[in-house]
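# Results of the structural survey
Each chain, written out:
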Amino acid sequence: MSDEKQPLLTGPSILIDNPENQVVELVTSSPTGPTKDEKNKKEYNPASERYLEHPTSNFDTLIHLLKGNIGTGILAMPDAFKNAGLFLGVFGTLCMGAICTHCMHMLVLCSHELCVRNQRPAMSFAEVVEDAFAMGPVPLRKYAKNIRNIVNVFLVITQLGFCCVYFLFVATNLQDTMHFFHINMGVHSYLALLFPPMLALGMVKNLKYLTPVSLIAAIMTAWGLVITFYYILQDLPHTSTVRAFASWHQLPLYFGTAIYAFEGIGVVLPLENNMKTPQDFGGWTGVLNTGMVIVAALYTAIGFFGYLKYGNHVLGSITLNLPNEPLAQSVRAMMAMAIFLSYGLQFYVPMNIVWPFVKSKLTSEKALAYGEAITRFILISLTFIAAALIPNLSGIISLVGAFSSSALALIFPPIIDIITFWPDRLGKYDWKMWKDVAIIIFGITGFVFGTYASIGNILSLP
């Protein structure tokens, strides 16, 4: 590794098909002590080798993290509580938040460990899983490229699913707001009107330029949540008026919505990789824990009081339950604008994965000149078409959460953790491995039953 700083990699690089070119660390004992290469690896600091053209501060990163997690998911939490029950919803949401945050920490830790081993400045989610398999147990190494592609597919599906929900959320809330002014149009008409401005936001290429937009969206979201709490905290009924525990067949729908709300793992590594001081991201009082504690507290509060207030009549977004008053209408408009402004951040991740793959297939200068814009147009169009075909907000949220979010947030991180630190760095009696296995089983269970229940819910509703 030369002393020259390498450019930051936030997305996947070109794959090397020849397995002989992959870097594999052989752990051996030496009677004379560590070799020179081993010493260099221990001294290697990935953060110091990053060249950041537009680094983000701790505050920038916190804003992006909050906006990456607080979106349509928080407004769907009362609907999630309806499928779990009041008290089970509280316990389940706090546990889900703790598990998801722990999995985010695992992913960042494994990324740092593999960066040191390979002396690379930064890695994406897919690169982390590929290198973990490539340097893990011998029988798994041949699957490194395949598992990388699988993770990339799930990342693209998840983030495009978020974008699809954003489209539908904004259109639905605009439709409800316009009813106040006696303007009656179908949700598909609003989707069509939203397509040009959404397309413009999706064309923004640099994450740094999205910081002011995310800040505005965060302020609008905060104000919208304040007014929402103002309404749902008035004249609250007794807790006995709602169910403490819902039926078993509804729990998979709760899982899908809750994991959708908490699944911000797709933006964790890009945010950490782009920080000016990445050492402040982890730790007990780091950016990640600070952001996720705020997120978990807000999710639990709005889910608890929203379900208590409206009971089984709660809708896919709590804003749709607010009364037909000017102040309540302003909340719908404000939240719709905040989610609209967040579209660019959510679209950043899938574009960062798809474009390098598409770019590697282009040969002419003309294709390279227009290829990125065309790719962005196609991907944004896909989210628009999906929203138009399935205009069921709660159903899409639960399906995206159960199918793709659970895989990324609960299944892949513990698998990566086990393989990265296999076999002698898994704690006493391999307790870390058994902890990871328990999380994997939980994630697979939610994946199977949540996906099945969500598809059934979509098909059963008009």
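This is a predicted model, so every value here is computed, not measured.

Secondary structure summary: the chain contains 17 helices and 2 strands in total. For the chain, the proportion of its 462 residues judged to be buried stands at 55%. Long-range pairs, those at least 24 residues apart, make up 84% of the contacts in the chain between residues at least 6 apart in sequence.

It is the contact of helix H5 (residues 86-118) with helix H12 (residues 287-310), at a shortest axis distance of 10 Å, that shows an interaxial angle of 160°. Taken together, the axes of H5 and H12 lie roughly antiparallel to each other. In terms of crossing hand, the pair formed by H5 and H12 is right-handed. The segment H5 lies against H12, with Leu86, Val90, Thr93, Leu94, Thr101, Met104 and His105 engaging Leu288, Asn289, Met292, Tyr299, Thr300, Phe304, Tyr307 and Leu308. When its residues are assigned to classes, the contact of H5 with H12 shows 10 nonpolar, 5 polar and no charged.

Below, the discussion takes up the packing of helix H7 (residues 144-180) against helix H13 (residues 326-341). The geometry of H7 relative to H13 is characterised by a closest axis approach of 9 Å and an angle of 155° between their N-to-C directions. Looking at the two axes, H7 sits roughly antiparallel to H13. Every pair of crossing elements has a handedness; the one defined by H7 and H13 is left-handed. Across from Tyr166, Phe169, Val170, Asn173, Asp176, Thr177 and Phe180 in H7, the residues of H13 making contact are Pro326, Gln329, Arg332, Ala333, Met335, Ala336, Ile339 and Phe340. Residues of the contact of H7 with H13, tallied by class, amount to 10 nonpolar, 3 polar and 2 charged.

With 12 residues, helix H10 (residues 251-262) extends 16 Å from end C-alpha to end C-alpha; this agrees with the ideal 16 Å at 1.5 Å per step. Burial analysis of H10 places 12 of its 12 residues in the buried class, which makes it a mostly covered element. Listed in full, the buried residues belonging to H10 are Leu251, Pro252, Leu253, Tyr254, Phe255, Gly256, Thr257, Ala258, Ile259, Tyr260, Ala261 and Phe262.

Here we take up the nonpolar core. Across soluble globular proteins, you tend to see nonpolar side chains buried next to one another. Core analysis: the biggest nonpolar cluster contains 129 residues, and Phe125, Phe167, Ile302 and Tyr343 have the highest contact counts within it. In contact with Phe167, not counting residues within four places along its chain, are Leu191, Leu194, Phe195, Met198, Tyr343, Ile380, Thr383, Phe384 and Ala387.

Side chains of Tyr370, Ile374, Phe377, Ile378 and Leu382 sit close together on the surface and give an oily, nonpolar patch of about 510 Å² of accessible area. Within the secondary structure layout, Ile374 lies in helix H15 (residues 365-389).

With that settled, consider the confidence of the model for the chain. On average, residues of the chain score 80 in pLDDT, and 88% of them are at 70 or above. Averaged pLDDT values for the elements of the chain fall to 39 in strand S1 (residues 6-7) and rise to 90 in H12. Here residues 1-39 is modelled with pLDDT under 50, and outside its nearest four sequence neighbours on either side it reaches 67 contacts, counting other chains as well.

Let us now look at the pattern of salt bridges. Taken as a whole and assessed by the stated rule, the structure comprises 8 salt bridges. Linking Arg148 and Glu130 is a salt bridge whose minimum nitrogen-to-oxygen distance equals 2.6 Å. Taken together, the positions of Arg148 in helix H7 and Glu130 in helix H6 (residues 125-134) put the pair 18 residues apart, joining distant regions of the chain. For Arg148, a relative accessible area of 2% corresponds to the buried category. Judged by its relative accessible area of 10%, Glu130 is buried. Taking the shortest distance from any N to any O, the salt bridge between Asp436 and Lys435 comes out at 2.9 Å. Judged by relative accessible area, Asp436 falls into the buried class, the value being 0%. Salt bridges here are not isolated pairs; linked through shared partners, they connect Arg120, Glu127 and Asp131.

Within the structure shown, the criterion is met by 13 aromatic pairs. Look at Tyr343 and Phe347: their rings are 6.1 Å apart centre to centre, the planes differ by 10°, and that puts the pair in the stacked class. With Tyr343 and Phe347 both in helix H14 (residues 343-361) and 4 residues apart, this pair spans about one turn of that helix. The burial state of Tyr343 is the same as that of Phe347; both residues are buried. Each residue in the set Phe167, Phe195, Tyr343, Phe347, Phe377 and Phe384 is aromatic and connected to the rest through ring pairs, giving one cluster.

The residue Ser381 is located in helix H15 in this model. Residue classification places Ser381 among the buried residues on the basis of a relative accessible area of 14%.

Basis of the calculations
Residues numbered from 1 in each chain as written. Predicted model: local features only at pLDDT ≥ 70, side-chain atom pairs only at ≥ 80, totals over all residues. Heavy atoms only, no water. Helix = DSSP H or I, 4+ residues; strand = E, 2+ residues; numbered from the N terminus. Buried < 20%, exposed > 50% of the residue type's maximum accessible area, 1.4 Å probe, protein only. Contact = heavy atoms within 4.5 Å. Axes fitted to C-alpha atoms, helices over the stretch in contact; angles between N-to-C directions. Parallel < 35°, antiparallel > 145°, perpendicular 65-115°, else oblique. Left-handed = near helix turned anticlockwise from the far one by under 90°. Nonpolar A, V, L, I, M, F, W, Y, C, P; charged D, E, K, R; others polar. Expected span 1.5 Å × (residues − 1). Core = buried A, V, L, I, M, F, W, Y, C linked by side-chain atoms within 4.5 Å. Patch = residues over 30% accessible without salt bridge, like charges linked within 9 Å, V, L, I, M, F, W, Y side chains within 5 Å. Areas by Shrake-Rupley, 256 points an atom, 1.4 Å probe, with all protein chains shown as cover. Salt bridge = Lys/Arg side-chain N within 4 Å of Asp/Glu carboxyl O. pLDDT = per-residue confidence, 0-100. Phe/Tyr/Trp six-rings, centres within 6.5 Å; stacked < 30°, edge-to-face > 60°.

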